[in-house]
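# A structural walkthrough
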Amino acid sequence: MRLRPIDLAREHGLSTQAVRNYEDAGILPPADRSPHGYRAYTPHHAAALRTFLALLPAHGHATATAIMQAVNGGAAEEALRLVDESHAQLAEDRRTLHAVEAALRDLVPPRDMQPGVTFIGPLARRLGLRPATLRTWERAGLIVPRRDPRTGYRVYTAADVRDVLLAHQLRRGGYGLERIARVLEQVRTAGGTEPLQAALHEWRERLTARGRAMLAGAAALDRYWTPD
C-alpha cells in the first residue's frame, strides 16, 4: 500500500512539508521515490509518524527525534538508553518535588526567633548551623542577604530566614546546592511559599501528565518496533 505525504499529514493535521521534514530528520525511515522524485510512503511510515507524535509529549522534541533516529537506524541500545534517561529524569523531578513539599511542611522557625532582621551569628546559632555554612550558601546563590551600609554586616530579613530554613531542610534531605538554589529562586519568583503551593500543584500535574505520556509513548514505540 502506497501513501502520499498528504495521507500521513491529514491524519494529524500536519502540513506535507512537516512530513517531509520528519523524513529528512530520520524520524521516518527513508521513503522510496518514483521516477519523478515523488515520495512513496507505506503503513510503516505512518506508524513511525504516530510513534514519534506519541513520544513527543513524553520526551520532548529532541529526545523523541533521537529515539526514532536510533530505532530506524537499528541502534536498539541507544534508543533504550534515551528512554531510560527520560524515565530517570522524571523520577528525579518527582523526588525533588517531594523534597520541596516536605521542606515547606516543616518550615517552622525556632520559637525564639522574632520577626524582623537578624545577623549571621544569631541566625546560625538558632538553627544549629555554622556561620561558614551560611556564607557558603550565599556564595552558591541560595541566600542573598543585604549588607548594613555602616558596618558591612550581613542582614537577614524575614524572607532571608525563610530561604535559610528551606535550604536547611533540603540539605538535610540530601539535595545539592545547585538544585536548592533553583528551588529558592522559584520561591522568590513566586513571592513566597504561599504562592509556591499553586506552582507545586501545577508541577505535580505536569509530572503526572508526563508519566502518562511516557506510558502511551512506550506502547506506541513497542508496536512500531514489533509490527504485526
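Residues numbered from 1 in each chain as written. Predicted model: local features only at pLDDT ≥ 70, side-chain atom pairs only at ≥ 80, totals over all residues. Heavy atoms only, no water.

Its place among the elements puts Ala-40 in strand S2 (residues 39-40). Residue classification places Ala-40 among the buried positions, given a relative accessible area of 12%. When the C-alpha positions of Ala-40 and Asn-72 are compared, they lie 17 Å apart, and in sequence the two are 32 residues distant. Beyond its immediate stretch of four places on either side in the chain, Ala-40 contacts Arg-2, Leu-3, Ala-31 and Asp-32. (Helix = DSSP H or I, 4+ residues; strand = E, 2+ residues; numbered from the N terminus. Buried < 20%, exposed > 50% of the residue type's maximum accessible area, 1.4 Å probe, protein only. Contact = heavy atoms within 4.5 Å.)

In this description, an aromatic ring pair is defined by two values, namely the gap between the centres and the angle between the planes. Within the structure shown, the criterion is met by two aromatic pairs. Ring centres 6.4 Å apart and planes at 80 degrees place the aromatic pair Phe-119 and Tyr-153 in the edge-to-face group. Residue Phe-119 is found in the loop between helix H4 (76-105) and helix H5 (120-127), and its partner Tyr-153 is found in the loop between strand S3 (146-147) and strand S4 (154-155); the two are separated by 34 residues along the sequence. (Phe/Tyr/Trp six-rings, centres within 6.5 Å; stacked < 30°, edge-to-face > 60°.)

A rise of 1.5 Å per residue sets the reference length of helix H7 (residues 158-172), with its 15 residues, at 21 Å; its end C-alpha atoms lie 21 Å apart and thus fit the reference within 8%. Extensive coverage of H7 is indicated by the burial of 11 of its 15 residues. Among the residues making up H7, those that are buried are Asp-160, Val-161, Arg-162, Asp-163, Val-164, Leu-165, Leu-166, Ala-167, His-168, Gln-169 and Leu-170. (Expected span 1.5 Å × (residues − 1).)

Let us now look at the confidence of the model for the protein chain. For any part of a model where pLDDT is low, the fine detail of the predicted coordinates should not be relied upon. Summarising the model, the protein chain shows a mean pLDDT of 86, and 91% of its residues fall at 70 or more. Taken element by element, the predicted model of the protein chain shows its lowest mean pLDDT in helix H8 (residues 177-190) (79) and its highest in helix H3 (residues 43-72) (96). (pLDDT = per-residue confidence, 0-100.)

Among the structural elements, His-168 can be located in helix H7. Of the residues examined, His-168 reaches a relative accessible area of 18% and is grouped as buried. Aside from chain neighbours lying at most four places away, what touches His-168 is Leu-127, Leu-129 and Trp-137.

So, about the nonpolar core. Within the largest apolar cluster, 33 residues are counted, with the highest numbers of intra-cluster contacts made by Leu-134, Trp-137, Val-164 and Leu-170. At the level of secondary structure, the elements contributing two or more residues to this core comprise H4, H5, helix H6 (131-139), H7, H8 and helix H9 (193-225). Sort the elements by how many residues they give to this core and H7 lands first, with six residues. One finds Ile-27, Leu-28, Tyr-41 and Ala-48 within the second-largest nonpolar core, a separate group that totals 25 residues. (Core = buried A, V, L, I, M, F, W, Y, C linked by side-chain atoms within 4.5 Å.)

Further remarks concern the pattern of salt bridges. For side chains of opposite charge, pairing can occur when their charged atoms come near one another. Overall, the coordinates contain 12 salt bridges when judged by the stated rule. Note that Asp-163 and Arg-162 form a salt bridge whose closest N and O atoms lie 3.0 Å from each other. On the basis of relative accessible area, Arg-162 is assigned to the buried category, the value being 19%. What emerges from the salt-bridge pattern is a single network uniting Glu-23, Asp-24 and Arg-39. (Salt bridge = Lys/Arg side-chain N within 4 Å of Asp/Glu carboxyl O.)

This part covers H6. All buried positions along H6 are accounted for by Thr-133, Leu-134 and Trp-137. Summarising the axial view, the buried residues of H6 lie within an arc of 100 degrees, below the 170-degree limit, and thus occupy one face. Where H6 is buried, its residues meet H5, H7 and H8. Positive backbone phi, at 85 degrees, marks Gly-141, one or two positions downstream of H6. (Arc of directions from axis to C-beta.)

Our focus in this paragraph is the environment of Thr-151. Along the chain, Thr-151 falls in the loop between S3 and S4. For the pair Thr-151 and Asp-7, spaced 144 residues apart in the sequence, the C-alpha separation amounts to 74 Å.

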